[in-house]
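Chain residues, written in single-letter form:
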Amino acid sequence: MLKVQEIRELIKLVDQSSIDEFVYENEGSKIKMKKNTGTTTVTAVQVPQAAAQAIPVVQPAAPAAVASTAPVPEVKQEEAVSNAASQADTSNLHKITSPMVGTFYASPTPEADVYVKAGSVVTKDSIVCIVEAMKLFNEIEAEVNGEIVEVLVKNGQLVEYGQPLFLVKPE
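Each value, and the rule that gives it
- Numbers given to residues run from 1 along each chain, matching the order in which its sequence is written.
- Reporting of local features is limited, given that this is a predicted model, to residues whose pLDDT is at least 70; pairs of side-chain atoms are given and counted only at 80 or more, and all residues count toward the totals for whole chains, interfaces and linings.
- To obtain the side-chain values, all non-hydrogen atoms of the structure were included, while hydrogens and water were left out.
- Only runs of H or I of at least four residues qualify as helices and only runs of E of at least two qualify as strands under DSSP, and these elements are numbered from the N terminus.
- Buried residues are those whose accessible area, probed at 1.4 Å on protein chains only, stays under 20% of the maximum for their type, while exposed residues exceed 50% and partly exposed ones sit between those limits.
- This count recognises Lys and Arg as positive and Asp and Glu as negative, with His and chain-terminal groups excluded.
- What makes a salt bridge here is a side-chain nitrogen of Lys or Arg within 4 Å of a carboxyl oxygen of Asp or Glu, nothing more.
- A 3.5 Å cut-off defines polar contacts: any pair of N or O atoms within that distance qualifies, except that in protein one atom must be a possible hydrogen donor and the other a possible acceptor, and neighbouring residues in sequence count only when both atoms are side-chain atoms.
- Throughout, a residue-residue contact means that at least one pair of heavy atoms, one from each residue, lies within 4.5 Å.
- Known as pLDDT, the predictor's confidence for each residue is given on a scale from 0 to 100.
- By the convention used here, strands pair only if DSSP detects at least 2 bridges between them.

S.K.: Would you explain the side chain of E132 in this entry?
M.R.: Among the structural elements, E132 can be located in strand β7 (residues 127-133). Buried within the structure, E132 lacks any salt-bridge partner; its nearest side chain of opposite charge belongs to K135, at an N-O separation of 4.4 Å. Of the polar contacts made by the side chain of E132, one reaches the side chain of Y105; its length is 3.2 Å. Setting aside anything within four residues of it in sequence, one finds E132 in contact with V101, G102, T103, Y105 and F137.

Following this line, the structure appears as structure tokens:
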């Protein structure tokens, strides 16, 4: 995955160029930038290794010919009902969100145990993870007393501002 500074440099280059859309793929990661009336939208996605080999890289020279080649999966009615049920179940859960763009780390060091996992009991001042932004490691607190129901991101994953990181069942 590219570093935050490298992504910022790419954004500047795309902003200053005449291209409207830019896609970069490397080692299972994909970054897509698209200009909209003077602003640039950036999307970073982790792509499974097998899928990364099947998706072609879009050349910036032909943005008008960009089309999705990945088949759209059909959603069965049972899956739609179970998705609706799971969304209803999460309505009473507190979401711990990322206060910034950065890299999510579940533990203080690669060798250490994770701060929390599903089933962990936390207090509002418990540290649940670290988000690294521009070489600064920011400790993220739980904000509520309760139990971690689900960890929504993987260790080392790039997270966006406001992205949910954990679901907590409040006390």
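S.K.: Before we go on, may I ask you to explain the confidence of the model for the protein chain in this structure?
M.R.: Where the model shows low pLDDT, its predicted coordinates should not be examined in detail. The predicted model of the protein chain averages 75 in pLDDT, with 67% of residues at 70 or higher. For the stretch residues 49-70, pLDDT sits under 50, and the model shows 20 contacts to residues farther than four places along the chain or on other chains.

S.K.: Any chance you could explain the environment of N36 here in plain terms?
M.R.: Locating N36 in the fold gives a position in strand β2 (residues 29-36). N36 sits in the partly exposed class, given a relative accessible area of 39%.

S.K.: What's the story with the pairing of strand β1 (residues 21-26) in this structure? I'm lost.
M.R.: The two faces of the sheet receive side chains in turn, since in a regular strand these alternate between them. In terms of strand pairing, β1 meets β2 through six bridges, oriented antiparallel. What sits directly across from N26, in β2, is S29. The turn joining β1 and β2, which pair antiparallel and follow one another in sequence, is formed by two residues; a positive phi near 50 degrees is taken by E27.

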